[in-house]
Amino acid sequence: MSNKNYAIRQTCILMLMLVLCSITVSAQHHLVARVSDANTGEALPYASVFVNSHNSTITNAEGDFVIDTDSSSVLRISYVGYKTLHVPVMEVGKKILLQPDGKILEEVVVMGSENIVKQVRKKLKKELKKKKRESCNLFYREMTYTGSQCTDFIECFFQGRTAVQLRDLSLVTGRYFAVASSQNSIPVNFHSLAQVPVLNTTLYTRDQVAPLHEEFKKLYMTDCQTLINGDEKTYVLTMMARNPKLWGVEGKLYVDGNTYELLKFEGIGLNERVKRVVQGYAYILPVDYSFVVNYQHDNGFTEVQSVHFNLRYRQGGKQFETNGLMFNAGLKTVKGTSKVEFEDNLIKKIKELGYNRQLWDDIEIVKRTPMEEEAIELMGREDLFGVY
């Protein structure tokens, strides 16, 4: 073999090795881990796990997450009240520990709570006006228990507006399972409760109150504390309704003390009701309704990142409990489906679209809890999805 041919051969081998190395470096990794408090070991539910606008997720109710990404990626793990952590994929273990901010709780002295509310409201109104038409894909999961039995399960994708608060939802695709009780009860669609109002808009009737209502001083008693960590501070605004008979929401708003960006909203529903139809008769039932909304700012404005809600009510001597999760899937798209306009009967619309088994076998989006895994395994094994 001539020296020239030998050199060419060696060059080709070297180039092939470089290609193989690059493939190895960018190989996909399937990560499953739990995010916990570094001091107490307690799991942190609904923490943000972010790679880029195409690839992100949150932890589930037990602090677990799953994500597929290449080995060169860096995960950004964040949770309100904790220090943000950046972890290279190759260093991710089964457990990720976040350090509490170590902030000192102090009363706000310089700035009154009403002024802070006004600043936050002003900022969000401006953002909403500018970004009100921004839309993205939303993943939704809902699970209802009657006593100890799982009787309703829904997973679907919506498209919707996410600036400041969720609105204008349209169904893309989904799957469901529902057990018709001996009472022939039509399942209630609770996904609308994920559209937690924080700022009054035309989406809601004038009778519903939200913390950043234009007349918040008349509607709410406000209190504010600040969490201080060096030059950083977070305002915690407590908004309590003056009239307990009002319909709306109340709770705590977590606000960045330097930018007035809304970080988190947790609270309860006021005088919330659900409509349930049994054997042709409609019943209006009171519910205990609580929620947690997390916000993100990666796209240059305040948008909903995730909503978790829990509600409980009783009917006919039975206890019903529903847990719902709405997650901003960003630019992640679902192909091969058609968009339909949203209607009240979500199960009916999902049924009309049909069940795409292959699609759902390949998608998890947000890590399922063991209870959810058990329900899905049973329904899949018995081929019960799409059955009511």
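A. Focus on the sheet that holds strand β1 (residues 28–37). The sheet built from three strands is open, its strands ordered β4-β1-β7 with mixed pairing. Whereas interior strands pair on both sides, the edge strands pair on one side only; in this sheet they are β4 (64–70) and β7 (95–98). Neighbour-to-neighbour, the strand axes of this sheet turn through a mean angle of 40 degrees, independent of strand direction. For β1 and β7, the ladder comprises four bridges, and the chain directions are parallel.

B. Focus on a positive patch on the surface. Side chains of K125, K129, K132 and R133 sit close together on the surface and give a patch of like positive charge. Counting through the fold element by element, K129 comes out in helix α2 (residues 113–131).

C. Highlighting the environment of F320. Mapping F320 onto the fold places it in strand β22 (residues 318–330). Sequence separation between F320 and Q149 is 171 residues; the distance between their C-alpha atoms is 9.7 Å. In contact with F320, not counting residues within four places along its chain, are Y145, T146, R276, L311, R312, Y313 and Q315.

D. Structural view of the nonpolar core. Grouped together as the largest cluster of nonpolar side chains are 60 residues, with contacts concentrated most on F158, V198, L253, F265, F309 and M326. When near neighbours in sequence (up to four residues on either side) are disregarded, L253 contacts V198, P211, L212, Y235, V236, L237, M239, L262, K264 and F265. Counting 18 residues, the second-largest nonpolar core is a separate cluster that includes V49, F65, I77 and V89.

E. Representation of helix α4 (residues 346–353) in the model. When α4 is considered as a whole, its buried residues turn out to be L346, I347, K349 and I350. Relative to the axis of α4, the buried residues are bounded by an arc of 160 degrees and lie together on one face. Exposed side chains of α4 directed beyond 90 degrees from the buried face belong to K351 and E352. G354, located one to two residues past α4, shows a positive phi value of around 90 degrees.

F. How the structure looks around the layout of surface pockets. Considered as a void within the structure, the largest pocket measures approximately 1,000 Å³ in volume. Around the largest pocket, the lining is made up of 34 residues, and of these Y79, V80, G81, Y82 and L263 lie nearest the centre. Looking at the lining of the largest pocket, its residues break down into eleven nonpolar, twelve polar and eleven charged.

G. Focus on the sheet that holds strand β6 (residues 85–88). Read across the sheet, four strands follow the order β3-β2-β5-β6 without closing on themselves; strand pairing throughout is antiparallel. A strand with exactly one partner marks an edge of an open sheet, and here the two such strands are β3 (55–58) and β6. Across the sheet, the axes of successive neighbouring strands diverge by a mean angle of 20 degrees, strand direction being ignored. The sheet contact formed by strand β2 (residues 48–52) and β3 spans four bridges and is antiparallel.

H. View of empty space enclosed by the protein. Scanning the entire structure with this criterion turns up one cavity of 30 Å³ or more. When its volume is computed, the largest cavity comes out at roughly 30 Å³. In this structure, the largest cavity is lined by V164, Q165, L166, A194, Q195, V196, V293, Y295, V304 and V307. Secondary structure elements with two or more residues in the lining of the largest cavity: β20 (288–296) and β21 (303–315).

I. Looking closely at the pattern of salt bridges. Evaluated as defined, the whole model comprises 13 salt bridges. For R175, the salt bridge goes to E155, with nearest N and O atoms at 2.7 Å. Here the residue R175 occupies a position in strand β11 (residues 167–178), and E155 occupies one in strand β10 (residues 149–161), the gap between them amounting to 20 residues. Judged by its relative accessible area of 3%, R175 falls in the buried class.

J. Expanded view of the pairing of β2. β2 sits mainly inside the fold: four of its five residues count as buried. In this antiparallel pair of consecutive strands, β2 and β3, the connection spans two residues. As judged from the three bridges shared by β2 and strand β5 (residues 74–78), these two strands associate in the antiparallel manner. Across the sheet, F50 pairs through a bridge with R76, a residue of β5.

K. Highlighting the environment of A163. Turning to its location among the elements, A163 is positioned in the loop between β10 and β11. We classify A163 as buried; its relative accessible area is 0%. Counting along the chain gives 32 residues from A163 to K131, while the straight-line C-alpha distance between them is 6.2 Å. Here A163 is in contact with L128, K131, F301, T302 and E303, once residues within four sequence places are set aside.

Conventions adopted
Counting starts from 1 at the beginning of each chain's written sequence and moves along it residue by residue. It should be noted that, the model being predicted, local features are given only for residues of pLDDT at least 70 and side-chain atom pairs only at 80 or more, the latter also being counted only at that level, while totals for whole chains, interfaces and linings use all residues. As a convention, hydrogens and water are excluded, and side-chain values are obtained from all of the structure's heavy atoms. Criterion used throughout: strands pair if DSSP finds at least two bridges between them. Segments assigned H or I by DSSP are reported as helices when at least four residues long, segments assigned E as strands when at least two residues long, and all are numbered from the N terminus. To obtain an axis, a line is fitted to C-alpha atoms, over the contacting stretch when the element is a helix, and the angle between two such axes runs from 0 to 180 degrees between their N-to-C directions. Patches here are clusters of residues that have more than 30% relative accessible area and form no salt bridge, with a 9 Å joining cutoff for like charges and a 5 Å cutoff for nonpolar side chains (Val, Leu, Ile, Met, Phe, Trp, Tyr). To be clear on the numbers: accessible area is Shrake-Rupley with a 1.4 Å probe, and residue cover counts the displayed protein chains and nothing else. Put simply, a salt bridge is a Lys or Arg side-chain nitrogen that is within 4 Å of an Asp or Glu carboxyl oxygen. Charged-residue counts in this description rest on Lys and Arg as positive and Asp and Glu as negative, His and the chain ends being excluded. Charge positions are represented by NZ for Lys, CZ for Arg, CG for Asp and CD for Glu. In what follows, residue pairs with any heavy atoms lying within 4.5 Å of each other are defined as contacts. The term nonpolar core refers to a set of buried residues drawn from Ala, Val, Leu, Ile, Met, Phe, Trp, Tyr and Cys, joined through side-chain atoms within 4.5 Å. Relative accessible area decides the class of each residue, using a 1.4 Å probe on protein chains only: under 20% of the type maximum gives buried, over 50% gives exposed, and in between gives partly exposed. Think of the arc as the fan of directions from the helix axis to the C-beta atoms. Using a grid of 1 Å spacing that covers the protein atoms alone, one calls a set of points a cavity when a 1.4 Å probe fits there but cannot get out, and a pocket when the set is open and has protein on both sides within 12 Å along at least five of seven lines; lining residues are those with an atom within 4 Å of a point. Grid points are joined across faces, edges and corners, and a volume is the space filled by probe spheres set on the points. Gly is placed with the polar residues, together with every amino acid not listed as nonpolar (Ala, Val, Leu, Ile, Met, Phe, Trp, Tyr, Cys and Pro) or charged (Asp, Glu, Lys and Arg).

Distances and angles like these do not, on their own, reveal function.
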